[in-house]
Amino acid sequence: MRDLKIVDFLAELADRRPAPGGGAAAALHAAQAAALLGMVARYSTGEKYADHAEAVVAVIAETDMLRARALKLAEEDAAAFTAVTDAYRLPKGEQRSAAIAAALAGAAEPPARVIEEATRVIELCELLLPIGNRNVVTDVAAAAEAARAALTTARVNVEVNLGGIKDERVREKLNIRLSAVDPAVARADWVTAEVREEINR
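This write-up is about the structure you can find in this document.

Reading the values: rules and limits
Residues numbered from 1 in each chain as written. Predicted model: local features only at pLDDT ≥ 70, side-chain atom pairs only at ≥ 80, totals over all residues. Heavy atoms only, no water. Helix = DSSP H or I, 4+ residues; strand = E, 2+ residues; numbered from the N terminus. Contact = heavy atoms within 4.5 Å. Areas by Shrake-Rupley, 256 points an atom, 1.4 Å probe, with all protein chains shown as cover. Lys, Arg positive; Asp, Glu negative; His and termini not counted. Charge placed at Lys NZ, Arg CZ, Asp CG, Glu CD. Axes fitted to C-alpha atoms, helices over the stretch in contact; angles between N-to-C directions. Parallel < 35°, antiparallel > 145°, perpendicular 65-115°, else oblique. Left-handed = near helix turned anticlockwise from the far one by under 90°. Nonpolar A, V, L, I, M, F, W, Y, C, P; charged D, E, K, R; others polar.

In this section: the overall build of the chain. For the chain, the helix and strand inventory stands at seven helices and zero strands. Starting at the N terminus and walking to the C terminus, you meet the elements of the chain as α-α-α-α-α-α-α. Considering only C-alpha atoms, the chain reaches an extent of 65 × 35 × 30 Å along its principal axes. When contacts within the chain are restricted to residue pairs at least 6 apart in sequence, long-range pairs at least 24 apart make up 78% of them. Taken as a whole, the chain presents about 10,700 Å² of accessible surface, with 54% of it coming from carbon and sulfur. If the 25 positive side-chain charges of the chain are averaged to one point and the 30 negative ones to another, these points end up 5 Å apart.

Listed below in structure tokens is the structure:
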């Protein structure tokens, strides 16, 4: 997936096939959010930003890492969902039911991790917003909005798998991870509101 041109990925996304789908799209939202924030950080280097150089360098390094991890999660999501469709093709019986439950638990993991990655991007938006280059401040909001889309898209892609997961411990752990979405969305909304207030003064 990482080697596809954008037009080719979108063609695959639009095709009548189970993967890539919403989970991969969520991961790519997170990757774009990290990339946007990395760009803002790179525009926030030099003598003018010397007082915050350590923080900016750290943001650059972490957003690069988050971008790579999110892209990997897009690929993992597509593979995990393919495992779900394979499990549903098995002959009916206990083995099929167990295989479906296991595959659904596996399919819930990549979007659950996207939630964690996107939440971290929003934290970095909050860090960079007051110290970053004001000429690209709207890109901090764009990063927050992309991360917001990652969060809410990933959430529904975890939720759709929950019903078929029989292991209560797995379900409980996933629900705990889902509980992080609303607070992170609220923080993304705050970042965007702060940027809009600044640019509309």
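The discussion continues.
Here the focus is the packing of helix 4 (residues 94-128) against helix 7 (residues 181-199). Running from amino to carboxyl end, helix 4 crosses helix 7 at an angle of 30°, the nearest separation of the two axes being 10 Å. Classed by the angle they form, the pair helix 4 and helix 7 counts as roughly parallel. With respect to the hand of their crossing, helix 4 and helix 7 are arranged in left-handed fashion. Contacts between helix 4 and helix 7 involve I115, T119, I122, E123, C125 and E126 from the former and V181, A184, R187, A188, W190 and V191 from the latter. Looking at the contact of helix 4 with helix 7, its residues break down into eight nonpolar, one polar and three charged.

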